[in-house]
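Each chain, letter by letter, is given below.
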Amino acid sequence: MKLWMSDEKAPSHRLVRFYGEQHSGYAYLGDLDDEQIKALFKEIKPDLELEKNLETLKYFGYLNLFVISKTKHS
């Protein structure tokens with residue numbers, strides 16, 4: 001699947017957007033197979049439901065991941 005990605009980071013969260021077609025302002029990741037996409041998802045959010053989100057991306061052609069930053073308290 002050809003994939004484009006946008007990655008916005010803030011101190012409290014990260015918003016990663018994937019699109020299956022060219023999208024203005026998004027970086028082209030290449031033509032990735034399912035395992036490469038799952039590895040990318042796992043890198044972004046280790047506890048993400050990989051199959052469910054991969055199928056959502058394939059079905060709708062886009063996927064937005066909102067990842068809350070975990071802060072360590074001293």
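Reading guide: rules and limits
- Residues numbered from 1 in each chain as written.
- Predicted model: local features only at pLDDT ≥ 70, side-chain atom pairs only at ≥ 80, totals over all residues.
- Heavy atoms only, no water.
- Buried < 20%, exposed > 50% of the residue type's maximum accessible area, 1.4 Å probe, protein only.
- Helix = DSSP H or I, 4+ residues; strand = E, 2+ residues; numbered from the N terminus.
- Arc of directions from axis to C-beta.
- Contact = heavy atoms within 4.5 Å.
- Core = buried A, V, L, I, M, F, W, Y, C linked by side-chain atoms within 4.5 Å.
- Phe/Tyr/Trp six-rings, centres within 6.5 Å; stacked < 30°, edge-to-face > 60°.

Enquirer: For helix 2 (residues 50–60), give the residues involved together with the corresponding values.
Expert: A turn of α-helix holds 3.6 residues, and therefore any two residues three or four places apart point the same way. Three or more residues of helix 2 are buried, namely Asn53, Leu54 and Leu57. Seen end-on, helix 2 carries its buried residues on one side only, within an arc spanning 105°. Seen from the open side of helix 2, the exposed residues pointing more than 90 degrees away from its buried face are Lys52, Tyr59 and Phe60. On its buried face, helix 2 sits against strand 1 (2–9), strand 2 (13–19), helix 1 (34–44) and strand 4 (62–68). Looking one or two places after helix 2, you find Gly61, whose phi comes out positive at around 85°.

Enquirer: Any chance you could break down the nonpolar core for me, citing the residues and the numbers?
Expert: Of all hydrophobic cores here, the largest spans 15 residues; its most connected members are Phe18, Ile37, Phe41, Ile44, Leu57 and Leu65. For this core, the secondary structure elements donating two or more residues are strand 1, strand 2, helix 1, helix 2 and strand 4. Per-element tally for this core: the top contributor is helix 1, with four residues. Ignoring sequence-local partners within four residues, the contact set of Phe18 consists of Leu3, Trp4, Met5, Leu29, Leu40, Phe41, Ile44, Leu57, Gly61, Tyr62, Leu63 and Leu65.

Enquirer: Please give an account of the packing of aromatic side chains that cites residues and values.
Expert: According to the stated counting rule, one finds six aromatic pairs in the structure shown. Here the aromatic rings of Phe18 and Phe41 are separated by 5.4 Å at their centres, their planes lie at 65°, and the arrangement is edge-to-face. Taken together, the positions of Phe18 in strand 2 and Phe41 in helix 1 put the pair 23 residues apart, joining distant regions of the chain. Judged by relative accessible area, Phe18 falls into the buried class, the value being 0%. With a relative accessible area of 0%, Phe41 lands in the buried category. Measuring from centroid to centroid gives 5.7 Å for Tyr19 and Tyr62, while their planes differ by 20°, and the two rings are stacked. With Tyr19 in strand 2 and Tyr62 in strand 4, this residue pair connects regions lying 43 residues apart in the sequence. Residue Tyr62 is classed as partly exposed on the basis of its relative accessible area, which comes to 38%. Site record: aromatic cluster; members linked through ring pairs are Tyr19, Tyr26, Tyr59, Phe60 and Tyr62.

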